[in-house]
Amino acid sequence: MGSTQTAPVLVYGAYGHTGRFVVRELLDRGMTPILSGRDPGKLHALAAALPGAAGLEIRAASAGEPDALDHALHGAGAVINCAGPFAATAGPVIEAALRARIPYLDVAAEVEAVSDTFTRFADRAREAGVVVLPAMAFYGGLGDLMATAALGGATAAEEVHIAYALSSWHPTAGTRGSGQVSRSRRGGRRLVYAGGRLGHRDDAAPTGEWSFPAPIGDRAVVGEFTTADSVTIPRHLSAPDIHTFMTLDAVKDVLAPEAAPPAPVDERGRSAQTFLVDVTVRAGGTRRRAVVRGQDIYAVSAPLVVEAAHRILGAEVKATGVLAPGEAFDAHAFLRSLAPHHLSYELGEPGTGAEGTGTSRS
């Protein structure tokens, strides 16, 4: 694969909450975004309002119009899909990317949509020699990279635990819409990765307590809070069960019908929300821990997906086809490249003070 790092990157759903962060991140890196989405008025408004976006090319296209998508992707080096629900947009935009033979990335958090991408496009993307990278975001991409880095080259684990501590969780309209689609697809049931596969459960999710690294400490959590990481991790790492936890207060926030959307508090438009992701793995009797801290789960998705696009365009990717982040890139190097400007990253080596496992008590 030759380097095409100077080619423009089309951002589909550019005027959405996460799409705006992605456009700004591309501009900050000196890359050229093409603004795309179904509403030309919103695209023009974005170009007028976002610093540095004046004069950017605008290509309106609906996901339901293949010819319009083909026109939008013409001449682009890659496409980043930020338009949910991804159950509706991922398939058509991937099809267009395959026709254009350019890399596709998205920030999907919908577990079913991410699973569909692997199931539907694995063979075709590999045969076309095209990289398709779903869920390259806070949910799906980050946890997968952390688990891969913690395993340190091993490809199998007896246990994988992912625990999220969010200071609050004000959902965007996109999060609400995608959540409704996912709940409808699973008939209101929960998804859990156990026994080597995703399955549905009808009972209430377990609750307990997780010991997060300082200064957070012990917090009440909801268990079996399955995210897209439970799709990406098993694609390249063998683990019989993936245990996931979310702080109880954050779950209450995101489920509250009156919850307000994120409010910007800094010049980059980030909210005041902070996060800590605690990933522990056990392989061969050794436990290792990876910890990431940062601000705003939506905003941090931008450097994650843009760094991935930058590496793919620079031919710094290990394979083609539909990939999980940890099989596409050197996970440890990828996470280190985002620190300290976008997040903090710690990896506990065996026998050091950074090592830990956390505890869950239901």
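What this report covers is the structure whose coordinates are included nearby. (Residues numbered from 1 in each chain as written. Predicted model: local features only at pLDDT ≥ 70, side-chain atom pairs only at ≥ 80, totals over all residues. Heavy atoms only, no water.)

Focus on unusual backbone geometry
Most peptide bonds adopt trans geometry, and most residues besides glycine take a negative phi value. Cis geometry is found at the peptide bond from G84 to P85, where omega equals -5°. Structurally, P85 can be placed in the loop between β4 (78-81) and α4 (86-100). The omega angle of the peptide bond from A214 to P215 is 10°, so this bond is cis rather than trans. Mapped onto the fold, P215 is located in the loop between β10 (207-211) and β11 (218-223). Positive phi, close to 60°, is recorded for A135, a residue that is not glycine. Within the secondary structure, A135 is located in the loop between β6 (131-133) and α6 (138-151). One non-glycine residue with positive phi stands out, namely E224, at about 55°. A relative accessible area of 24% means that E224 is categorised as partly exposed. (Helix = DSSP H or I, 4+ residues; strand = E, 2+ residues; numbered from the N terminus. Buried < 20%, exposed > 50% of the residue type's maximum accessible area, 1.4 Å probe, protein only.)

Some remarks on the packing of aromatic side chains
On inspection of all chains with the given rule, the structure shows nine aromatic pairs. Taking the centre distance of 4.8 Å and the plane angle of 80° together, the rings of F138 and Y139 count as edge-to-face. Assessed through its relative accessible area of 2%, F138 is described here as buried. For Y139, a relative accessible area of 9% gives the class buried. (Phe/Tyr/Trp six-rings, centres within 6.5 Å; stacked < 30°, edge-to-face > 60°.)

Quick notes on the pairing of strand β7 (residues 159-166)
β7 sits mainly inside the fold: seven of its eight residues count as buried. Of the strand pairs in this sheet, β7 and strand β13 (residues 274-283) are connected by eight bridges, and their pairing is antiparallel. Bridging across to β13, A165 finds its partner in L276. (Pairing = 2+ DSSP bridges.)

What about the sheet that holds β7?
Strand pairing within a sheet occurs via backbone hydrogen bonds; the two strands may be parallel or antiparallel. Spatially, seven strands are ordered β10-β11-β12-β7-β13-β14-β16 in an open sheet, and the strand pairing comes out mixed. With one partner strand each, in any of the chains shown, β10 and β16 (344-348) form the two edges of the open sheet. Taking each pair of neighbouring strands and ignoring which way they run, the sheet shows an average axis angle of 25°. Contacts from helix α9 (residues 248-255) reach β7, β11 and β12 (242-247), with the element oriented near 75° to β12. (Axes fitted to C-alpha atoms, helices over the stretch in contact; angles between N-to-C directions. Contact = heavy atoms within 4.5 Å.)

A look at helix α1 (residues 17-28)
The terminal C-alpha atoms of α1, which comprises 12 residues, lie 17 Å apart, in line with the 16 Å expected from a rise of 1.5 Å per residue. Among the residues of α1, those classed as buried are T18, G19, F21, V22, V23, R24, E25 and L26. At its buried positions, α1 is contacted by β1 (9-12), β2 (33-37), β4 and α10 (301-313). Just beyond α1, the residue with positive phi is G30, at close to 80°. (Expected span 1.5 Å × (residues − 1).)

Description of the packing of α4 against helix α5 (residues 111-128)
α5 packs onto α4 with a crossing angle of 5° between their chain directions and a minimal axis gap of 10 Å. Comparing their axes, α5 and α4 come out roughly parallel. Between α4, through F86, A87, A90, G91, I94, E95 and L98, and α5, the contact on the second element is made entirely by A113, T117, R120, F121, R124, A125 and A128. Per-class residue counts for the contact of α4 with α5 are nine nonpolar, two polar and three charged. (Parallel < 35°, antiparallel > 145°, perpendicular 65-115°, else oblique. Nonpolar A, V, L, I, M, F, W, Y, C, P; charged D, E, K, R; others polar.)

These results come straight from atomic positions and should not be treated as a statement about function.
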